[in-house]
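Close look at the chain arrangement
Here is how the chains run, residue by residue.
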Amino acid sequence: MTPPSILRVGCAAGFSGDRTDAAAPVVGALAAAGGPAVLIFETLAERTLALAQLARRAHPEGGYEPLLDDLLSPVLAACLAAGIRIVSNFGAANPEGAAMRIAALARELGLRVPRIAIVVGDDLSGSAQRPLLEAALDARMQGLDIVSANAYVGAEPIADALLAGAEIVVCGRVADPSLTVGPALAHFGWARDDWDRLARATMAGHLLECGAQVSGGYYADPGFKDVPGMARLGYPIAEIDADGHCTITKPPGTGGRIDAHTVKEQLLYEVHDPAAYLTPDVVADIGAAQVEAVGTDRVRLSGVRGHPRPPGLKVNVCHETGWLAEGEISYAGARAEARARLAADVLRERLAGLGRLRVDLIGAHSLFADDAGEWLAAQPPREARDVRLRVALNHTERAAAERLAREVTALYTCGPAGGGGVRTSLRPRLDIVSCSVPREQVPVGHRFIASGPADGSGAAR
Amino acid sequence: MKRIEVPLHRAAHGRTGDKGNRSNISVIAWHPSLWDVLVEQVTEAAVARQFAHRHPSRVQRFLLPQLHAMNFVLDDVLDGGVNEALNLDSHGKALSFLLLDLPIEVPEGLLPCLAGAAIDPADPNPSPGDNAP
């Protein structure tokens, strides 16, 4: 029997592009368990927000998670019926737009319009914030073609929105673990400098934030790390207690696995110094953390400690830097690798002067290699019989970058024998510079959106 | 005791994470009995050699003995990372498997603790993970 003080947080997305049918089993398990529960979706990788900002430039009403409808439609009714609150950063570059869309979606589904709050203050891309960025970035600001600038907001505005009665909290850029810390802070009423508890909830959020990466996704390695039912992975649920300790589990009847090994891999994912995992809420310390299997697909995390949060907020400034050009062509059969290497030589000569040309021999030498070609040069030619040549370069000018595609395509008639399957692509390239800004100079908060154009009341209809 | 050379992936598993031009790779022992071997042999210097062609400006190892896990942080190994790298895998997500190719020497008595195909067909019970304390 679970004590009533447990808060369950289920995570149904670990990035923009994650499976959209993950939420239903999670919501089913949360509803069946009863008690307070929150559903989170984490959909903002570092670059996602810049892409959303570009989307909003093209369509001012857009700029939020493109799959918002697909994520929410299957579970919105069940969440409202069971009192499961929803917290997500799927607002991306336009939290208000996302909130309006959710209200409209509720109407389309014949549901009452939920109370929706948005978290504001993360977006520093406006002209009013320019001096703040200039002070933080100094010389690095020179000549930047800025697409987006966002502070990583912490858990407090999320907690405040929930305490004010929000059923759905739509955020832009918040630290990923704060999606979990916010609900825990609101539910348990911890002091906002209760560093140990904040750190424990932070690491619970860290285990959840990549979705299935803790429950068997991104883990399988046949014969070494076997995972059952990967086509229907169960996404994780954290059972958080009043001290912030958590047990990670997943919905019954789903695929995947949760054991000490899957949890350890995710615990250390994107961690540098284990004694200092920095978030806007706390500095979490897993130096003495314990991971213990306590049942089938149930693992308890304990021993996490906390230290006072950093004084500044991390800001990512995303800017355009030019173009990434890529081209590929395949060779198979006798001397395939030799023909691919010859094609690479031809391209190096034809594209000389355009900048560094990356060469991969996919099927022989690729991912481990370096851009300078040191690894590839050290590999003696082998006899690979199915090789895909890939070349890539960066260029600030579009016209120059386009030359790569033309030269790869011309290999059809001018290259070595038997080359086939040419594909080329040209994409704008975004770079990120990070800085820290004083917390007090980034006012953050939440506000409720009007429930919609028609009734404006938010009441059931 | 006689020592047998095996690739690290028989003794440990791991995952890569990235932030900017920095990669972190966990190395997690399949069995607590393998921990001392890992601490002794999977050193900062050994990992720096394994990534020599990526020219890390710094390699740091953090030990988490209670988890039988270690975390490596490799600076400047991603050719600029997602921002600039021309690698198909600009995150460096595959790099855990480069680290896990590192050869290590395991005392013969610990062979049953290894994962994957047993070297000794007479001892087909490597039982990865399940007998952790």
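Residues numbered from 1 in each chain as written. Chains lettered and ligands numbered in written order. Predicted model: local features only at pLDDT ≥ 70, side-chain atom pairs only at ≥ 80, totals over all residues.

It is worth spelling out the overall build of chain B at this point. What chain B contains, in helices and strands, is 3 helices and 7 strands. Here chain B holds 133 residues, and 45% of them are scored as buried. When contacts within chain B are restricted to residue pairs at least 6 apart in sequence, those whose partners lie at least 24 apart make up 62%. (Helix = DSSP H or I, 4+ residues; strand = E, 2+ residues; numbered from the N terminus. Buried ≥ 20, exposed ≤ 12 C-beta atoms within 10 Å, placed from the backbone. Contact = placed C-beta atoms within 7 Å.)

A tally of helices and strands in chain A yields 13 helices and 18 strands. Relative to a compact globule of 461 residues, whose C-alpha radius of gyration would be 23 Å, chain A shows 25 Å and is just as compact. Considered along the principal axes of its C-alpha atoms, chain A spans approximately 70 × 55 × 45 Å. Contacts in chain A between residues far apart in sequence, at least 24 positions, make up 76% of those at least 6 positions apart. (Rg over C-alpha atoms; globule rule 2.2 N^0.38 Å.)

This paragraph deals with unusual backbone geometry. Keep in mind that most residues, glycine aside, have a negative phi and that most peptide bonds are trans. Residues and elements named next belong to chain A. Positioned with a positive phi, Ala92 is a non-glycine residue whose angle comes to about 45°. Assignment of secondary structure puts Ala92 in the loop between strand 3 (85-88) and helix 5 (95-108). Of note in this structure, Asp297 is not a glycine but carries a positive phi near 55°.

Residues and elements named next belong to chain A. The antiparallel open sheet is built from 3 strands, whose spatial order is 9-10-13. Strands at the two margins of the open sheet, each flanked by one partner only, are strand 9 (277-278) and strand 13 (305-307). The sheet contacts of helix 9 (residues 195-208) involve strand 10 (283-285) and strand 13, and relative to strand 13 the element is tilted by about 115°. (Pairing = 2+ DSSP bridges. Axes fitted to C-alpha atoms, helices over the stretch in contact; angles between N-to-C directions.)

With 36 residues of chain A in contact, the opposing surface of chain B contributes 33 residues. For the side of chain A that touches chain B, the secondary structure elements donating two or more residues are helix 10 (260-267), strand 11 (290-295), strand 15 (358-362), helix 12 (374-378), strand 16 (386-395) and strand 17 (420-438) of chain A. In terms of residue class, the side of chain A that touches chain B is built from 15 nonpolar, 7 polar and 14 charged. (Nonpolar A, V, L, I, M, F, W, Y, C, P; charged D, E, K, R; others polar.)

What follows covers the pairing of strand 5 (residues 146-151) of chain A. Residue and element names in this part refer to chain A. Within strand 5, 5 of the 6 residues are buried, which leaves the element mostly enclosed by the surrounding structure. In this structure, strand 5 lies alongside strand 14 (residues 312-332), joined through 5 bridges in antiparallel fashion. Bridge pairing in strand 14 links Ser148 to Cys318.

As a further point, take the pairing of strand 12 (residues 298-302) of chain A. Residue and element names in this part refer to chain A. Relative to strand 12, strand 8 (residues 246-249) runs antiparallel, the two sharing 3 bridges. Each bridged residue has a counterpart across the sheet, and for Cys246 the counterpart in strand 12 is Leu301. Two elements, strand 11 and strand 12, share 5 bridges in a ladder whose sense is antiparallel. Each residue of the ladder has a partner; that of Ala293, found in strand 12, is Val299.

Another point: the environment of Gly109(B). Topologically, Gly109(B) is positioned in the segment after strand 7 (103-107). Linking Gly109(B) and Asp36(B), residues 73 residues apart in sequence, is a C-alpha distance of 14 Å.

What follows concerns the environment of Asp36(B). Residue and element names in this part refer to chain B. Here Asp36 shows up in helix 1 (residues 35-41). Of the residues examined, Asp36 has 14 C-beta atoms within 10 Å and is grouped as partly exposed. Between the C-alpha atom of Asp36 and that of Glu105, which follows or precedes it by 69 residues, the distance is 12 Å.

All names here are of chain A. Read from one edge to the other, the open sheet built from 10 strands follows the order 11-12-8-7-1-2-3-6-4-18, with strand pairing classed as mixed. Of all strands in the sheet, those with a lone pairing partner are strand 11 and strand 18 (445-448), marking the two edges. With direction set aside, neighbouring strand axes in the sheet form an average angle of 25°. The pairing of strand 4 (residues 116-120) with strand 6 (residues 168-170) spans 3 bridges and is parallel.

Residues and elements named next belong to chain A. The N-to-C vectors of helix 8 (residues 178-188) and helix 9 enclose an angle of 135°; their axes lie 7 Å apart at closest approach. Overall, the two elements helix 8 and helix 9 adopt an arrangement that is oblique. Crossing of helix 8 against helix 9: the hand is right-handed. Contacts between helix 8 and helix 9 involve Ser178, Leu179, Thr180, Val181 and Ala184 from the first element and Leu198, Ala201, Thr202, Ala204, Gly205 and Leu208 from the second. Per-class residue counts for the contact of helix 8 with helix 9 are 7 nonpolar, 4 polar and no charged. (Parallel < 35°, antiparallel > 145°, perpendicular 65-115°, else oblique. Left-handed = near helix turned anticlockwise from the far one by under 90°.)

Glancing now at helix 10 of chain A. Of all 8 residues in helix 10 of chain A, 8 are buried, a share of seventy percent or more. Three or more residues of helix 10 of chain A are buried, namely Ala260(A), His261(A), Thr262(A), Val263(A), Lys264(A), Glu265(A), Gln266(A) and Leu267(A).

We now examine the confidence of the model for chain A. Of the residues in chain A, 97% reach a pLDDT of 70 or more, and the chain-wide mean stands at 95. In the predicted structure, residues 452-461 of chain A sits below a pLDDT of 50 and forms 13 contacts with residues beyond four places in sequence or in another chain. (pLDDT = per-residue confidence, 0-100.)

Our next topic: the domain arrangement of chain A. For chain A, the assigned domains are domain 1 (7-123 + 151-310 + 441-448) and domain 2 (317-435). The gap between the C-alpha centroids of domain 1 of chain A and domain 2 of chain A is 38 Å. (Domains from an automatic or database assignment.)

Before going further, it helps to examine the nonpolar core. With 174 residues, the main nonpolar core has Leu39(A), Val169(A), Leu301(A) and Ala11(B) as its most contacted residues. Among the elements that make up this core, the one with the highest residue count is strand 14 of chain A (9 residues). Mapped onto the domain boundaries, this core takes at least three residues apiece from domain 1 (7-123 + 151-310 + 441-448) and domain 2 (317-435) of chain A. With near-sequence residues (within four places) excluded, Leu39(A) lies in contact with Gly10(A), Ala12(A), Ala23(A), Val26(A), Val27(A), Leu30(A), Cys79(A), Ile84(A) and Ile86(A). (Core = buried A, V, L, I, M, F, W, Y, C linked by C-beta atoms within 7 Å.)

With that out of the way, let us pick up the environment of Pro274(A). Along the polypeptide, Pro274(A) turns up in the loop between helix 10 and strand 9. Classification of Pro274(A) as buried rests on a count of 22 C-beta atoms within 10 Å. When the C-alpha positions of Pro274(A) and Ala289(A) are compared, they lie 9.5 Å apart, and in sequence the two are 15 residues distant. Beyond its immediate stretch of four places on either side in the chain, Pro274(A) contacts Ile286(A), Gly287(A), Phe62(B), Leu64(B) and Asn71(B).

Residue and element names in this part refer to chain A. Within helix 7 (residues 156-163), 6 of the 8 residues are buried, which leaves it mostly tucked inside the rest of the structure. Those residues of helix 7 not exposed but buried are Glu156, Pro157, Ile158, Ala159, Ala161 and Leu162. Looking one or two residues beyond helix 7, the residue adopting positive phi is Gly165, at roughly 105°.

With that settled, consider the packing of helix 7 of chain A against helix 8 of chain A. Residue and element names in this part refer to chain A. With their axes 8 Å apart at the nearest point, helix 7 and helix 8 run at an angle of 45° to one another. The pairing of helix 7 with helix 8 is recorded here as oblique in orientation. As helix 7 runs across helix 8, the sense of the crossing is right-handed. Contact residues: Ile158, Ala159, Leu162 and Leu163 in helix 7; Ser178, Gly182, Pro183, Leu185 and Ala186 in helix 8. For the contact of helix 7 with helix 8, the class distribution of residues is 7 nonpolar, 2 polar and no charged.

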